[in-house]
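Survey of secondary and tertiary structure
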Amino acid sequence: MEFDIDIIKYKENKNLTDNDLGWLWLDSFSFLNTNKKVKIYKFLKNGNKLFNINDYAKEIEEICGEEDFLRILGGATPEYMHMVLRKVIQYTDFISIENDMYPQCLRDIDVPPIILYYKGDIKLLKSRTIAVVGTRLFDEYGYKVTEKFVKDFVYSGLTIVSGMAEGLDTIAHKKCLELQGKTIAVLSGGINKIYPAINTELCKQIMKKGLVITEWPPQTDSLRYMFPIRNRIIAGISEAVLVTQAGMKSGVRYTVEYALDYNKTVYAVPGNITSYRSSYANTLIKSCQSMLVTDPEEIIKDLNVTYVPVYEREDFTKEEAKIFAILEDNEQAHFDYIVDKTGIESKRLLGMLTGLEIRKKIKRIPGNYFIKLD
């Protein structure tokens, strides 16, 4: 098929092939569900063959039915193909399941999306990744746990994957950006129909500093049934999944179920046994479906990535790092408590605390307490 010069330039600039364009054309037919599209992919295994679809008419008609096949043939024109391309590239970039940047781990799942629409650094799909997921209705404990684990993951070079949902997904993305880490947001609808709308600005920041992906074409609204479907991608592109806090009805359970189906390791942080917000995480641990974790370093070592100690990443001495770690784990800490926990002699500790305060790492508050500054 011949393409306009601007489409050819776009194709070359994005390192796309005719295979990518062929699968994009097939993906444009919303009357075909993902299962049928994947069956066609597994039969043809080459998007370029779609430009000669009549050569495979019998087999494709068997997959999608006579009525849908005739509708496909109705779009087998250069004019329709150009319309599809122009509509897509007006809003987003894309890769197909045959593209070199498409992650093999996602290609291997039962029903992989044949097209990923994206904005941002597509190379992050090839990085070391971990999904951090949790409830919308989190409490202070869930908030602190999520921030704590994300921080150490970022400093260990892991890319944080989550679903841009309200709640702990949002906290995970925000903390990652705050620390100048890399994050991938998987949307439940089209890339220019961000849901929830309250996360529009956050999503734009991730597009600039990380990666936003979706399997849905532009202008697609997020509908309720799309959220569990989206979660298979979160699990598919992640090496492992961490549940920081979740109740029994949380959508997190879909991500976990997909991860277990894909033989991915699931980790869960235990919570208060009287709190509904932690009931699903506790159940995962109790049923041995997940590994109990209380420290990010446990996961970091399990994934065999390099853990960067706090004194190295913050330019602290080892003793200063001990102080800072205490203040990270406590909203505030009394001077005597710090002496007891660090074993540092009082006079020398006072000098170190003063130095950290001058560097604006910590702050002294009334009552001889100290707090960490962000």
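Residues numbered from 1 in each chain as written. Predicted model: local features only at pLDDT ≥ 70, side-chain atom pairs only at ≥ 80, totals over all residues. Heavy atoms only, no water.

Describing the pairing of strand β3 (residues 129–134)
Applicable threshold: Residue burial is assigned from relative accessible area. The probe radius is 1.4 Å, only protein chains are included, and a residue is buried under 20% of its type maximum, exposed over 50%, and partly exposed in between. The helix and strand labels rest on DSSP assignments: H or I over at least four residues marks a helix, E over at least two residues marks a strand, and numbering proceeds from the N terminus. Note on pairing: two strands pair once DSSP finds at least 2 bridges between them. By convention, a crossover is right-handed whenever its connection, traced from the first strand over the helix to the second and viewed with the strands pointing away, goes clockwise.
Counting buried positions over the 6 residues of β3 gives 6, a clear majority of the element. Where burial is concerned, the two faces of β3 agree: the one with Thr 129, Ala 131 and Val 133 and the one with Ile 130, Val 132 and Gly 134 are both buried. The pairing of β3 with strand β4 (residues 159–162) spans 3 bridges and is parallel. For Ile 130, the partnering residue across the bridge sits in β4 and is Ile 160. Crossover connection from β3 via helix α8 (residues 140–155) to parallel β4: handedness right-handed. Note: β3 against strand β7 (residues 240–245), 4 bridges, orientation parallel. Within the sheet, the bridge partner assigned to Gly 134 lies in β7 and is Gln 245.

Quick notes on the sheet that holds strand β1 (residues 93–96)
Condition: Two residues qualify as a contact provided that any one of their heavy atoms is within 4.5 Å of a heavy atom in the partner residue. Helix axes are fitted only over the stretch in contact, all axes being lines through C-alpha atoms; the angle between N-to-C directions runs from 0 to 180 degrees.
Read from one edge of the open sheet, 9 strands run β1-β2-β6-β5-β4-β3-β7-β8-β9, paired in mixed fashion. For this open sheet the edge positions go to β1 and β9 (291–292), each flanked by a neighbour on one side alone. Bridge count for strand β2 (residues 115–120) against strand β6 (residues 211–214) is 4 bridges, and the pairing is antiparallel. Paired with Gly 120 across the two strands is Leu 211, which belongs to β6. Most of the contacts of helix α11 (residues 226–237) go to strand β5 (residues 183–186), to which it runs at about 155°, and overall it touches β3, β4, β5 and β6. In the packing of helix α12 (residues 252–261) onto the sheet, contacts are made with β3, β7 and β8 (265–268), and the angle to β7 comes to roughly 155°.

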